[in-house]
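One letter stands for each residue in the lines below.
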Amino acid sequence: MPRSSRRNNKTLPQRNGGGSLPGCERGRILRARVLIVGLLGVLVLAVVLSVYLVNDTSSGHVSRLPAVDLVKDRLSHKPSKASAAQIRRLASLVDSARLWETHLQPILIERLPGTRGSLAVQQHIASTLSSLSAGWAIDLDSFQSPTPRGQVTFTNVIAVLDPTAPRRLLLACHYDSKILPPDPQAPGKVFLGASDSAVPCAMILELAASLDTQLKSFKQQKLPVTLQLVFFDGEESFEEWTDTDSLYGSRHLAELMAKTPHPAASPQATTLQAVDLFVLLDLLGGPDPLIANHFDNTARWFDRLISAEKRLHRLGLLVSHPSEQTYFRKDVYLGPVQDDHIPFLHRGVPVLHIIPTPFPQFWHTLDDTEENMHHPTVENLTKIMAVFLAEYLGL
Ligand SMILES: [Zn+2]
């Protein structure tokens, strides 16, 4: 809340006592002067007291409105700058085979909300993160919601590295798959949503696995920022995309975080206010993604992605990557995209939306399969994200 730093100095009316006056007049003037001096004293006291009270109320305000400090800290957050040696090390930690075989394969099943497939993927994500040494606090956020297909149980999988840190960098994807009508040409074939969003989920698991040692020592330093991972359920609509038939998991979690106290920041803060930046990965995995910047208020973080891509390229650490700026581009913009960031964006959370536009050709078709994914692109994007996270958090 702005407050003026300038205080008004009230000027008192000047009295002109020119010429000589009779004795009784002098006595009256003397009494009047005493009165004026007395009034002046009271006025000075009142001004001093009011200044004191204003200061006291303002400092009280700071503690009552913790968002002010969280916003200030978020805006002034400086990423570290990884050296060439650190970039080489980060890139070497990304294990493409582990990403595809260990993290992705168990997600490439039909995973409609509230089904056994969904449960299996939740367990896969939770057990992968539990097996790491960094010590993630894992939470299954289950809730029920009406849908065009009746009441459905949804479950967001949430992992926080240090829940007691005041601020969080949030990295998210959705793990549910979409219901598609059966294709008479391909009976029995189900939609697997490899890019939508099995690969982004596998990328996040690989980032947690490859940076595990760094995240462990980062957590022990008890710094003001931590990392939160969110695997949303129910991003997809059951029928036509509407405000109520879509984004089930993210709508629920944004609302929940907006009313969950976050005493680590202050007694009045919420976990939503603690989110420095909401980074959303979606529709990644196909070849030649063109990823545009969507929001001016997070453009400096988009620039960090461009920079990471360029530095990795110059060091020869990206494969099938023709030019230093192949993916992240500020010279193209094809319009906004409805996605899991919307409920957070509408509550004032800064968003970095990492999604290719135009969408891949196989989007929402039975061809969104592993065969149509492009291994080098996925590996490159994971390396870029590793550098981004390491620099944001100062790993
Ligand atoms: Zn989709």
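Residues numbered from 1 in each chain as written. Predicted model: local features only at pLDDT ≥ 70, side-chain atom pairs only at ≥ 80, totals over all residues.

The protein chain goes by Glutaminyl-peptide cyclotransferase in an unreviewed UniProt entry, where it is assigned to Cyprinodon variegatus. According to its UniProt record, the protein chain has this under Sequence similarities (unreviewed entry): "Belongs to the glutaminyl-peptide cyclotransferase family." (UniProt positions renumbered as here; feature names shortened; annotations may be inferred.)

Chemist: In this structure, what is going on with the overall build of the protein chain? I would like to understand it.
Modeler: Along the backbone of the protein chain there are 11 helices and 8 strands. Per-residue burial for the protein chain yields a buried fraction of 39% across its 395 residues. (Helix = DSSP H or I, 4+ residues; strand = E, 2+ residues; numbered from the N terminus. Buried ≥ 20, exposed ≤ 12 C-beta atoms within 10 Å, placed from the backbone.)

Chemist: Help me understand unusual backbone geometry in this model?
Modeler: Peptide bonds are mostly trans, and most non-glycine residues show a negative phi. Cis geometry is found at the peptide bond from D196 to S197, where omega equals 0°. With respect to the helices and strands, S197 occurs in helix α6 (residues 194-210). Omega for the bond connecting T357 with P358 falls within 30 degrees of zero, at -5°, which places this linkage in the cis form. Mapped onto the secondary structure, P358 falls in the loop between β8 (351-354) and α11 (375-393). Here the phi dihedral of L247 falls at roughly 50°; this positive angle occurs in a residue that is not glycine. Along the chain, L247 falls in the loop between β4 (225-232) and α8 (248-258). Phi angles above zero are rare outside glycine, and L283 is one such case at about 55°.

Chemist: Would you mind going over the environment of R347 with me for this structure?
Modeler: For R347, the position within the fold is in the loop between α10 (342-345) and β8. Judged by the 15 C-beta atoms lying within 10 Å of it, R347 falls in the partly exposed class. Remark: the alpha-carbon pair of R347 and A254, spanning 93 residues in sequence, is separated by 8.0 Å. Those residues within four positions of R347 in sequence are excluded, and the remaining contacts are A254, A258 and L272. (Contact = placed C-beta atoms within 7 Å.)

Chemist: Even after reading the chapter, I still don't get helix α5 (residues 116-130), so can you show me in this structure?
Modeler: Count 3.6 residues to each turn of an α-helix, and residues three or four apart come out pointing the same way. Counted at 1.5 Å a residue, the expected span for α5 with its 15 residues is 21 Å, and the 21 Å between its end C-alpha atoms agrees. When we look at burial in α5, the residues that qualify are S118, V121, H124, I125, T128 and L129. For α5, the arc enclosing every buried residue in end-on projection is 120°, short of the 170-degree limit, so these residues lie on one face. Among the exposed residues of α5, those pointing more than 90 degrees away from its buried face are R116, S127 and S130. Taken together, the buried residues of α5 touch α4 (96-104), β1 (137-147), β2 (150-160), α6 and β4. (Expected span 1.5 Å × (residues − 1). Arc of directions from axis to C-beta.)

Chemist: Which parts of the structure should I look at to understand the nonpolar core?
Modeler: In a soluble, globular protein the nonpolar side chains are often hidden away together inside. Of all hydrophobic cores here, the largest spans 88 residues; its most connected members are C201, M203, I204, F278 and V387. Per element, the largest residue contribution to this core is 11 residues, and it comes from α6. Residues contacting C201, with those up to four places away along its chain left out, are I107, I125, C173, Y175 and F231. (Core = buried A, V, L, I, M, F, W, Y, C linked by C-beta atoms within 7 Å.)

Chemist: Is there a simple way to think about the pairing of β4 in this case?
Modeler: Look at any regular strand and the pattern is simple: side chains alternate between the two faces of the sheet. With 8 of its 8 residues buried, β4 lies for the most part within the structure. Burial along β4 is two-sided: the face carrying V225, L227, L229 and F231 and the face carrying T226, Q228, V230 and F232 are both buried. Inspection of the sheet shows β2 paired to β4 by 4 bridges, in the antiparallel sense. Bridge pairing in β4 places V157 opposite F231. Two elements, strand β3 (residues 167-174) and β4, share 8 bridges in a ladder whose sense is parallel. Bridge assignment links R168 to a residue of β4, and that residue is T226. (Pairing = 2+ DSSP bridges.)

Chemist: Would you mind going over the pairing of β3 with me for this structure?
Modeler: Along β3, 8 of the 8 residues are buried, which leaves the element largely enclosed by surrounding structure. Where burial is concerned, the two faces of β3 agree: the one with R167, L169, L171 and C173 and the one with R168, L170, A172 and H174 are both buried. Relative to strand β5 (residues 275-281), β3 is paired through 5 bridges, and the arrangement is parallel. Bridge pairing links L171 to V279 in β5.

Chemist: Just to check I follow, could you spell out α8 for this structure?
Modeler: Among the 11 residues that make up α8, 8 are buried, leaving the element largely enclosed by the rest of the structure. Of the surrounding elements, those touching the buried residues of α8 are β1, β2, β3, β4 and α10.

Chemist: I'm lost on the packing of helix α9 (residues 299-314) against α11 in this one. Help?
Modeler: Packed helix pairs are specified by the crossing angle of their axes together with the interaxial distance, meaning the distance between the axes. Contact pair α9 / α11: the axes reach a minimum separation of 9 Å and the direction vectors enclose 120°. By the angle between their axes, α9 is oblique relative to α11. Judged by the sense of rotation from one axis to the other, the crossing of α9 with α11 is right-handed. Across from R304, L305, A308, E309 and L312 in α9, the residues of α11 making contact are K383, I384, V387, F388 and E391. Looking at the contact of α9 with α11 residue by residue, the class counts come to 6 nonpolar, no polar and 4 charged. (Axes fitted to C-alpha atoms, helices over the stretch in contact; angles between N-to-C directions. Parallel < 35°, antiparallel > 145°, perpendicular 65-115°, else oblique. Left-handed = near helix turned anticlockwise from the far one by under 90°. Nonpolar A, V, L, I, M, F, W, Y, C, P; charged D, E, K, R; others polar.)

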